[in-house]
Amino acid sequence: MYENESYISFVSRDRSLGPKYDNEIRCSGRTVIVTGANSGLGRETARELARRGGKVILACRDLKSAYKTRDEIIEETYNKNVSVKHIDLSSLDSVAKFAHDILSTEKRLDVLVNNAGLMHISKTRQLTADGFELHLGVNYLGAYLLTQLLLPKLIQSRPSRVVNLTTVSMNKANIDFADFNLAADYDPYNAYPRSKLALMSFTQLFNQKYKAQGVTSYAVYPGVATTSLARGLSQSTISSAVFKPTSLLMRTPENAIQSVIYCCLEPGIEEKSGQCIKDMKVMKWTSELSNEDSLRLWKISQVWTQLDKYRQFCNIPAAQDHVIK
Ligand SMILES: NC(=O)c1ccc[n+]([C@@H]2O[C@H](COP(=O)([O-])OP(=O)(O)OC[C@H]3O[C@@H](n4cnc5c(N)ncnc54)[C@H](OP(=O)(O)O)[C@@H]3O)[C@@H](O)[C@H]2O)c1
């Protein structure tokens, strides 16, 4: 699955089901957005937050699948406060339209779960509508723009949280600013971890910047779980003959989202803000960017996502604080 690493050893290191988040704290009165909530970990996260009484917005690109998921969640949880809104994270316009809708219709936003993601979708480099390499565009830049545009609502609803799904393979990644869009040297096995490393860096810097304003941020490594994320693998170097048996060792979505729910709801974890959480504990990671590189990445992301233009589109007043000097 990951370069220079046996997929089976990677999975077996992670085969523990992980601890259960056993605080039955309710989510009533809180509004939560979960991106990519129509399948896998996003679906399970949305279902659990709905079971706990939250108002849950499923932010999805496949509306048919999303409405089916919404109906199933309502049936399973008896919580009718579950709705669907369209977002395609591979399009900046789509992200901005979604954010504009939320800003103008929702009274509050307590938690944003940046869950949507894709991995190793193709051996050849694919681009988003805006010309970004697909992993970078969806897993990082889409989440970056969405979070920035929803920030006024998160600040207004403080204390509020941003929860970003990441992966342990970010430890093997680095950011090559000279080839940020992977135009010269595309490798699908680097593209995914690199996009997640960028999201991790965003989580850290976001914490430095907005924790004081009441918005905390957490990255979560859920472990290796049986979802559709690896759908591209059977066509790539890992054959389904290897992949299917090892799936018996993986976490179920229910096991895998325990730390996501913890980061969404557990009171008093602000000291963990800005860090990566695995099994409800801070996970050490080794590929940390210098503060200088994190700032550089943030500035590039502001420009590449056309943040100022989309802030205007969303009627967000220009604010000094969103421009990092
Ligand atoms: N499963 C694991 O072992 C594992 C490990 C570490 C981290 N993660 C992270 O966990 C998150 C959830 O993944 P998963 O395992 O649950 O995989 P999944 O079942 O494939 O779910 C991914 C979700 O992201 C959505 N998505 C993909 N591209 C999108 C786009 N352009 N716009 C909007 N939504 C989009 C998918 O929508 P469609 O249904 O329309 O494709 C789907 O709902 C990902 O960020 C992943 O990187 C997973």
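Residues numbered from 1 in each chain as written. Predicted model: local features only at pLDDT ≥ 70, side-chain atom pairs only at ≥ 80, totals over all residues.

*Asks:* Hey, could you run me through the overall build of the chain in this one?
*Replies:* When helices and strands are tallied, the chain shows 11 helices and 8 strands. Within the span of the chain, comprising 325 residues, buried residues form 48% of the whole. Taking all contacts inside the chain whose residues are at least 6 apart in sequence as the whole, residues at least 24 apart take part in 78%. (Helix = DSSP H or I, 4+ residues; strand = E, 2+ residues; numbered from the N terminus. Buried ≥ 20, exposed ≤ 12 C-beta atoms within 10 Å, placed from the backbone. Contact = placed C-beta atoms within 7 Å.)

*Asks:* Before we go on, may I ask you to explain the nonpolar core in this structure?
*Replies:* Among soluble globular proteins, nonpolar side chains are generally buried collectively. Counting residues in hydrophobic clusters, the biggest one holds 90 residues, and the most contacted among them are Val32, Leu58, Leu149 and Cys264. Sorting elements by how many residues they give to this core places helix H5 (residues 134-156) first, with 13 residues. Contact partners of Cys264, with chain neighbours within four places excluded, come to Val32, Leu49, Val111, Val113, Arg161 and Val163. (Core = buried A, V, L, I, M, F, W, Y, C linked by C-beta atoms within 7 Å.)

*Asks:* What exactly am I supposed to notice about the site of the ligand here?
*Replies:* Around the ligand, the structure places 28 residues, and the nearest of them are Gly36, Gly40, Gly117, Thr227 and Leu229. Ranked by the residues each element gives to the shell around the ligand, the list is headed by helix H2 (residues 40-51), at 3 residues. (Near = placed C-beta within 6 Å.)

*Asks:* For this particular structure, what's the right way to read the environment of Asn171?
*Replies:* Its place among the elements puts Asn171 in the loop between strand E5 (160-165) and helix H6 (188-210). Residue classification places Asn171 among the partly exposed positions, given that 18 C-beta atoms sit within 10 Å. Residues Asn171 and Glu288, 117 residues apart in the sequence, show an inter-C-alpha distance of 8.1 Å. With residues up to four places along the chain from it excluded, the contact list for Asn171 reads Trp285, Thr286 and Ser287.

*Asks:* Please clarify how the sheet that holds strand E6 (residues 215-220) should be interpreted in this entry.
*Replies:* Two orientations exist for strands paired in a sheet by backbone hydrogen bonds: parallel and antiparallel. Here 8 strands make up an open sheet; going across it, the order is E3-E2-E1-E4-E5-E6-E7-E8 and the pairing mixed. The open sheet has two free edges, formed respectively by strand E3 (82-86) and strand E8 (281-282), since each of these has just one partner strand. Here E5 pairs with E6 via 6 bridges, running parallel. Its bridge partner lying in E6, Val162 is registered against Ser217. (Pairing = 2+ DSSP bridges.)

*Asks:* Sorry if this is basic, but what is going on with the environment of Asp93 here?
*Replies:* Its place among the elements puts Asp93 in helix H4 (residues 92-105). With 36 residues separating them in the primary sequence, Asp93 and Ala129 have C-alpha atoms 9.1 Å apart.

*Asks:* Whenever I open this one, the packing of H2 against helix H3 (residues 63-77) confuses me. Can you help?
*Replies:* Geometrically, a packed helix pair is captured by the angle between its two axes and the distance between the axes. Two elements in contact, H2 and H3, have axes whose closest approach is 9 Å; the angle formed by their N-to-C orientations is 35 degrees. By crossing handedness, the relation of H2 to H3 is classed as right-handed. Between H2, through Arg43, Ala46, Arg47, Ala50 and Arg51, and H3, the contact on the second element is made entirely by Thr69, Ile73, Glu76 and Thr77. Broken down by class, the residue content of the contact of H2 with H3 amounts to 3 nonpolar, 2 polar and 4 charged. (Axes fitted to C-alpha atoms, helices over the stretch in contact; angles between N-to-C directions. Left-handed = near helix turned anticlockwise from the far one by under 90°. Nonpolar A, V, L, I, M, F, W, Y, C, P; charged D, E, K, R; others polar.)

*Asks:* I tried to follow the pairing of E6 on my own but got confused; where do I start?
*Replies:* Look at any regular strand and the pattern is simple: side chains alternate between the two faces of the sheet. A large share of E6 lies buried, amounting to 6 of its 6 residues. With 2 bridges connecting them, E6 and strand E7 (residues 276-278) associate as parallel partners. When the bridges of E7 are listed, Ala219 appears paired with Cys276.

*Asks:* When you look at unusual backbone geometry in this model, what are you seeing that I'm missing?
*Replies:* The phi angle of most residues is negative, glycine excepted, and most peptide bonds adopt the trans form. Cis geometry marks the peptide bond from Arg158 to Pro159; its omega dihedral reads 0 degrees. The residue Pro159 is located in the loop between H5 and E5 in this model. Positioned with a positive phi, Tyr78 is a non-glycine residue whose angle comes to about 60 degrees. Within the fold, Tyr78 resides in the loop between H3 and E3. The phi torsion at Gln306 lies on the positive side, around 55 degrees, for a residue other than glycine.

*Asks:* Explain H5 here, please?
*Replies:* Owing to its 3.6 residues per turn, the α-helix brings residues three or four apart onto one side. Compared with an ideal rise of 1.5 Å per residue, which puts 23 residues at 33 Å, H5 spans 32 Å between its outermost C-alpha atoms and is within 8% of the ideal. Maximum bend of H5: about 50 degrees, positioned at Leu150, with proline Pro152 one to four residues after it. (Expected span 1.5 Å × (residues − 1). Bend = angle between axes of the 7 residues up to and from the residue.)

*Asks:* Can you help me understand the packing of H4 against H5 in this one?
*Replies:* Close contact between H4 and H5 brings their axes to 9 Å; oriented N to C, the two are set at 20 degrees. The pairing of H4 with H5 is recorded here as roughly parallel in orientation. Where H4 crosses over H5, the two elements pack in a sense that is right-handed. Facing H4, whose interface residues are Leu92, Val95, Ala96, Ala99, Ile102 and Leu103, H5 presents Gly142, Leu145, Leu146, Leu149, Leu150, Pro152 and Lys153. In terms of residue class, the contact of H4 with H5 is built from 11 nonpolar, 1 polar and 1 charged. (Parallel < 35°, antiparallel > 145°, perpendicular 65-115°, else oblique.)

*Asks:* How do you make sense of the confidence of the model for the chain when you look at a structure like this?
*Replies:* A low pLDDT score tells you not to read the predicted coordinates there in detail. Mean pLDDT for the chain: 90, with 88% of residues reaching 70 or above. Counting contacts from residues 1-6, a segment whose pLDDT is below 50, to residues more than four positions away or on other chains yields 10 contacts. Here residues 321-325 is a poorly scored stretch, pLDDT under 50, and it has 4 contacts once near neighbours within four places are set aside; other chains count. (pLDDT = per-residue confidence, 0-100.)

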